[in-house]
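# Summary of the model geometry
For reference, the chains in residue letters:
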Amino acid sequence: MRHQTKKKIGKITVTLSILVLGFLFIAPLLWMITASLKPETLIFKDMGISAFFPKDVTFNNYAEILFTDRVNFFHYMWNSLFSVSMIVLFGLIVNSLCAYALVKLKFPGSALILIVIIALYVVPFESVLIPLYIVVNSFGWINEYPALIVPFIASAFNIFLFRQFFMGIPKELEEAAMLDGASPGQTFWRIIVPNSKPVFATAAILTFVTHWSDFMWPLIVATDESIRTVQVGIQYLFADRTIEYGQIMAALSLTTIPVILIFIFFQRYYVQGITSSGVKG
Amino acid sequence: MEKTFEAVPSTKKPMTYDTQKKWLGVAFSLPALVLLFTFLVLPVMLAFVYSFMNYNMLNPAGKEFVGFDNYIRLFQDAIFLTSLKNTMYFTVLVVPIQSAVALGLALLVNKKVKVAGLGRVFFFSPVVTSMVVVAILWTFLYNVDSGLINHMLHFFGIENQPFLLSPDQAMNSIIFMSVWQAAGFQMMIFLAGLKEVPEELYEAAEVDGANVWQKFRNVTLPSISHVTGFVLIITTIQAFRLFIQPYVMTNGGPSDSTKTLVFMLYENGFQFRDVGYSSAIAVVFFLIVLLSSLILKKALKQ
Amino acid sequence: MKKLLVLSTAAVLSLGTLSACGNDDNASSGSNDGETKLTLWYPEGDMSPAYEEIIEAFNQENDGEIEAEIEFIPRGNKYAYEDKVSAAATSNTLPDLLAMDGPNVANYADAGIIQPIDGLVDNEDQFVESIIKQGTFKDQLYAVGPTESTVALFYNVKMLEEAGITPPKTLEEAWTWDDFYEAAKKLTNKEKGMYGVNWTLDYGEWIIYFTGPSVWSNGGSFIAEDGSKADGYVNGPETVEALEYLKKFTDEGLVNLQPTPTEFEDGNAAMMLMGSWEWAKLKDYPDTEWGITYYPKSPNGEQVSPSGDWAWGVSTGTEDKEAAAELLNFIHTKENVLKLAAVEEKPPARSDAFEELTEWDKEPLNVLKDQVLQTAHPRPSTTSYPVLSTKYGQAVQNIFLGGDVQEELDKVAKEVDTDIERKQ
């Protein structure tokens, strides 16, 4: 059938574009991984296409960072995973509830609050770093986990994101739930959440990525070895004036793995959202 | 209403759905609001107070109020005007380009092909790739003598371009790189939006004999308009906050051509430990971005 | 709404006072059971294990009296360590002993976060002159450090031989600017992608550190002796002349403006103007023969070389200055200085320690020793140093890319003078 072949050609075109464009996007990540497998003296020697095909593969760089007694890479990794996961977990709950309240449970002042929240997203972190440090210090949280987690749970960006998507959820769905006798809380749990899986996944991924790469804040509030995050932990590789690029690339490769895994994990929630109703548009 | 009940005020009336909604609204938003107040509003207010002070970060006891001195200095500072201009230039160019690229990528990986999932990982990967690696590699790509981009231009008979070394090209080079690096972020938001578009709409359009473009124009775009508006606003704000790319790749140069407002804010606040001046920059920055976002929002509504 | 405003204003004000008075809850030192506790901050790196051993030995020696604990702060590739110190200073959470890069001494001393240690340092006369100078602000000693550093000219022995160039072996014969320039020109081969010299265009502290000697050697300077003025100094005729000379290298393509990090090691540059620490890295390339010669001098001036390294100061907040001084002296005993210097093969900052290291009397390390003991020049001691270093670095970057020397340096002078004014 003509229609069928046309569809097939379309699919092949899309597949090819994804792969070709995709390479342009992932090339640096691949370079990083291949560089981490090379001996130090060969890393910058060849910067052409052949840089992606190392001849002498070595795992020395990995051994150096994982099995040195100077730093505890696994422990740093755990600290990062723990604190960022807490931010994501509590963040999803707190921010989605807030957005739901602002959009669907309009209460006096909610319109103004929304404007303030959007305005707060404008604030660059660099400008509140010192005042925030003073606030957190007054709670006595320096060198404790809450300093890494609590300030970042509520997020103007995420509230704004949730709000935007909840607005798109058809009223009819809620009204139907209301008629069934569901309370607003139950409506949230039974209607809003199941119909918003993609945006929850997006918020989770973007929050995870943002805070996984945090450096400045964890450095300032967490000096102590015991709660040091991985981004801070691997900085010792840059500190010496003679920089070992192979080890840096190995460390960076290891720190990238969890983010990629998280990304793949949340991908499964990218299902078609509202298929049961054709009311939108 | 039966009057008898009025005499017994303590009796709990079942709340109406609407009052229930109101109280629940307050209860649901409270945790976020308290946290935002403590860790964002409060620091912002502190920064606002500091902007009227001469405050050396190393000597907090010696800080003193100096009125509008920091603001007066700011508006006489040539670097401030340059930074403002650079930031505006970056924003005006990067927002439409990056949003369009992100939407294009989202449409591509929203198609039902086997490699779609892989594509998402690929396009998103620059977002998770360490800035250290990104900076090293793009500096190589932009290298005036041996960079890959110059090799390609050479192939087309164009002579070598200085890119990051030229005051005229450095910002454009950073724009190009930023689009590449950050488009995956916006792509994920668009993708969530595309998943919300009911399949039935496309089927209906197909029955009407719409082609690919018409489907995009008449079904996709209107269905995700709330997402597009969101993406445009957050991309604008993110663009205004440009800092890390010039910080690691050009250090604001050459000739201040990639110096941005947040760069200036960081430099004065941390490197020069001038908290007062840095806070004044932050306040002015905040007002500028807020104003721009409001204008954008108005424009989007029309 | 109004209530909220009142509440928040109150909160802001109370926090403001908190930060102004400083809460001493977190302050570092304290004593329980008669045992004094001391904390130290040092940038994390190769030195960490050696410092750990030294602190452990100190604790054993002072068991029951003083207990020291060292924290290693990640430094990142720019100013992360300094940013951390700033944040701690603004909330009074600094340690008792604080390591700082040499040029920060004046800034920290002026802000009052470190205190004078005159008369508390044992064997002060054994320290090399440049280290004492680096640690002095307004005639008072604030910091000393165990090691020194310098910049010299590294070269690829075979390449220079092939070009018929003989690099100088003694301090008296050190190259002048012209000799250096001629050699670089001869060694540059554009078709082969070979550069005469490699120098890093790093954005941090490096630029003022490695170009400083050219300025001083030419009789120029960065700031008035008393630190009161930059105009007429950083943009004075001698300084301008020195940068015009360096600019020749970049203008004529004798230096690669965008080198790979290992250009010299990979054999794509014949010489390299680099810090003494790079000697350790060259050991990764045993198949090539390397040499070191002196930092080139101005034809109308003296031989000068850069200096400066991390040093220790006692913070103002410490509760037991004597114990802190005791620890400071323990770090700087001859044995410990030798131990610390050995880690990165740094030049030790005590001359009696230097005497024990015989390998530094032989080629090529003798060049580094000569420079540290005879030609070292510390960077300017001024409280506006962060502005000077940053703005000067940016200006030099612009100059190397084709900017006008006088114009760029005039801008630096203006920025630094604004900062000096602010601090008065």
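Being a predicted model, the structure only gives us computed values, none of them experimental.

Bringing the overall build of chain A into the picture now. Summing up its helical and strand segments, chain A has 14 helices and 0 strands in all. In chain A, the order of α-helices and β-strands from amino to carboxyl end is α-α-α-α-α-α-α-α-α-α-α-α-α-α. Against the globule reference of 19 Å for 281 residues, chain A gives a C-alpha radius of gyration of 24 Å, more extended than a compact globule. A principal-axis box enclosing the C-alpha atoms of chain A has dimensions of 70 × 70 × 30 Å. Taken across its 281 residues, chain A has 47% of its residues classed as buried. The contacts of chain A with a sequence gap of at least 6 include a subset with a gap of at least 24, amounting to 76%.

Within chain B one finds 13 helices and 2 strands. In terms of overall size, chain B is more extended than a compact globule, its C-alpha atoms giving a radius of gyration of 26 Å where 302 residues would be expected to give roughly 19 Å. The buried share among the 302 residues of chain B stands at 51%. The long-range share in chain B, meaning contacts at least 24 apart out of those at least 6 apart in sequence, stands at 66%.

Structurally, the position occupied by A:V193 is in the loop between α9 (184-192) and α10 (197-212). Placed 97 residues apart in sequence, A:V193 and A:S96 show a C-alpha to C-alpha distance of 9.0 Å.

All names here are of chain A. Mapped onto the present numbering, the UniProt feature "transmembrane region" (unreviewed entry) falls on residues 12-33, 81-103, 110-136, 148-166 and 245-266. Within the segment residues 12-33, helix and strand shares are 100% and 0% respectively, and the terminal C-alpha atoms sit 29 Å apart. Secondary structure across residues 81-103 comprises 100% helix and 0% strand; the distance between its end C-alpha atoms is 32 Å.

With that settled, consider the UniProt feature "domain: ABC transmembrane type-1" (unreviewed entry) in chain B. Here the UniProt feature "domain: ABC transmembrane type-1" (unreviewed entry) sits at residues 84-296 of chain B. With 75% helix and 0% strand, the stretch residues 84-296 of chain B has end C-alpha atoms that lie 18 Å from each other.

A few words now on the pairing of strand β11 (residues 269-275) of chain C. Residue and element names in this part refer to chain C. For β11, a buried count of 7 out of 7 residues is recorded, marking the element as mostly surrounded by other parts of the structure. Alignment of strand β9 (residues 151-156) against β11, held across 5 bridges, turns out to be antiparallel. Residue pairing across strands places A152 opposite M274, the latter belonging to β11. The pairing of strand β10 (residues 195-198) with β11 spans 3 bridges and is parallel. Counterpart to N198 in the pairing with β11 is M272.

Before going further, it helps to spend a moment on the interface of chain B and chain A. Counting from both sides, the interface comprises 77 residues of chain B and, opposite them, 81 residues of chain A. Looking at the side of chain B that touches chain A, its residues break down into 55 nonpolar, 13 polar and 9 charged.

Two packed helices can be described by the angle between their axes and the distance between those axes. Their axes nearest at 11 Å, the elements helix α14 (residues 245-267) of chain A and helix α4 (residues 116-128) of chain B cross at an angle of 140 degrees. By the criterion of interaxial angle, the relationship of α14(A) to α4(B) is oblique. When the axes of α14(A) and α4(B) are compared, the crossing they make is right-handed. Mapping the contact onto sequence places A:T256, A:V259, A:I260, A:F263, A:I264 and A:Q267 in α14(A) and B:G117, B:R120, B:V121, B:F124 and B:V128 in α4(B). In terms of residue class, the contact of α14(A) with α4(B) is made up of 7 nonpolar, 3 polar and 1 charged.

This part covers the interface of chain C and chain B. Of the residues lining the interface, 31 residues belong to chain C; the matching set on chain B comes to 27 residues. At the level of secondary structure, the elements contributing two or more residues to the side of chain C that touches chain B comprise α1 (2-21), α3 (80-90), α4 (104-111), α15 (385-400) and α16 (405-422) of chain C. Ranked by residue count, the leading element in the side of chain C that touches chain B is α1(C), at 7 residues. For the side of chain C that touches chain B, the residue count by class is 14 nonpolar, 13 polar and 4 charged.

Residue and element names in this part refer to chain C. Pairing is mixed in the open sheet, where 4 strands are placed in the order β10-β11-β9-β12. Each edge of the open sheet is held by one strand with a lone partner, namely β10 and β12 (290-293). On average, adjacent strands in this sheet sit at an angle of 25 degrees to one another, irrespective of strand direction. Helix α7 (residues 177-187) rests against β10 and β11 of the sheet, and its axis sits at about 125 degrees to β10.

With that out of the way, let us pick up the UniProt feature "transmembrane region" (unreviewed entry) in chain B. Residue and element names in this part refer to chain B. When the UniProt feature table is mapped to this numbering, "transmembrane region" (unreviewed entry) covers residues 23-50, 88-109, 121-142, 174-194, 224-244 and 275-296. As a span, residues 23-50 carries 100% helix and 0% strand, and end to end its C-alpha atoms are 37 Å apart. Taken end to end, residues 88-109 is 100% helix and 0% strand, and its first and last C-alpha atoms sit 31 Å apart.

Another aspect to go through is α16(C). Residues and elements named next belong to chain C. In this model α16 runs 26 Å from its N-terminal to its C-terminal C-alpha over 18 residues, within 8% of the 26 Å that 1.5 Å per residue would give. Within α16, burial applies to V405, E408, L409, K411, V412, A413, E415, V416, D419 and I420. Here the buried face of α16 lies against α9 (237-251) and α15.

Take the domain arrangement of chain A next. Residues and elements named next belong to chain A. Under the domain assignment used here, chain A contains domain 1 (2-58) and domain 2 (73-267). Distance from the C-alpha centre of domain 1 to the C-alpha centre of domain 2: 31 Å. Facing the 9 residues of domain 1 at the interface are 8 residues of domain 2. Tallied by class, residues from the side of domain 1 that touches domain 2 come to 6 nonpolar, 1 polar and 2 charged.

In this section: the packing of helix α12 (residues 261-271) of chain B against helix α13 (residues 275-301) of chain B. All names here are of chain B. The contact between α12 and α13 brings their axes to 7 Å, and the two run at 160 degrees. Classed by the angle they form, the pair α12 and α13 counts as roughly antiparallel. In this structure, α12 meets α13 at a crossing whose hand is left-handed. Here α12 contributes L261, M264, L265, N268 and G269 to the contact with α13, which in turn contributes V275, Y277, S278, I281, A282 and F285. Partitioned by chemical class, the residues of the contact of α12 with α13 number 8 nonpolar, 3 polar and no charged.

So, about the pairing of strand β3 (residues 66-73) of chain C. Two strands pair when backbone bridges link them, and strand β2 (residues 35-43) of chain C and β3(C) are joined in this way by 8 bridges, in the parallel orientation. Paired with C:W41 across the strands is C:E71, a residue of β3(C).

Right, let's get into α4(B). Residue and element names in this part refer to chain B. With 13 residues, α4 ought to run about 18 Å at 1.5 Å a step, and its terminal C-alpha atoms sit 19 Å apart, in line with that. Within α4, 10 of the 13 residues are buried, which leaves it mostly tucked inside the rest of the structure. When α4 is considered as a whole, its buried residues turn out to be G119, R120, V121, F122, F123, F124, S125, P126, V127 and V128.

Let us look at the confidence of the model for chain B. Residues and elements named next belong to chain B. Averaged over all residues, the pLDDT of chain B equals 87, while 95% of them reach at least 70. Counting interchain partners and residues more than four positions distant, the pLDDT-below-50 stretch residues 1-11 has 1 contact. For this predicted complex, the interface score ipTM comes out at 0.87, while the overall pTM is 0.86.

A word on the environment of A:K104. Residues and elements named next belong to chain A. Following the sequence through the fold, K104 ends up in helix α3 (residues 73-104). Linking K104 and S196, residues 92 residues apart in sequence, is a C-alpha distance of 14 Å. Residue contacts for K104: discarding those within four places in its chain leaves F166 and E174.

All names here are of chain B. Of note, S278 is situated in helix α13. The spatial distance from the C-alpha of S278 to the C-alpha of Y266 is 7.2 Å, given a sequence separation of 12 residues. Once you skip the residues sitting within four places of it in the chain, S278 turns out to touch L265, N268 and G269.

Let's shift gears to unusual backbone geometry. Residue C:E363 is joined to C:P364 through a cis peptide bond whose omega torsion reads -10 degrees. Along the chain, C:P364 turns up in the loop between α13 (351-356) and α14 (365-375). Phi at B:N251 is positive, roughly 55 degrees, even though this residue is not glycine. Following the sequence through the fold, B:N251 ends up in the loop between α11 (244-249) and α12. The class for B:N251 is buried, based on 21 C-beta atoms found within 10 Å.

Rules and cut-offs
Residues numbered from 1 in each chain as written. Chains lettered and ligands numbered in written order. Predicted model: local features only at pLDDT ≥ 70, side-chain atom pairs only at ≥ 80, totals over all residues. Helix = DSSP H or I, 4+ residues; strand = E, 2+ residues; numbered from the N terminus. Rg over C-alpha atoms; globule rule 2.2 N^0.38 Å. Buried ≥ 20, exposed ≤ 12 C-beta atoms within 10 Å, placed from the backbone. Contact = placed C-beta atoms within 7 Å. UniProt positions renumbered as here; feature names shortened; annotations may be inferred. Pairing = 2+ DSSP bridges. Nonpolar A, V, L, I, M, F, W, Y, C, P; charged D, E, K, R; others polar. Axes fitted to C-alpha atoms, helices over the stretch in contact; angles between N-to-C directions. Parallel < 35°, antiparallel > 145°, perpendicular 65-115°, else oblique. Left-handed = near helix turned anticlockwise from the far one by under 90°. Expected span 1.5 Å × (residues − 1). Domains from an automatic or database assignment. pLDDT = per-residue confidence, 0-100.

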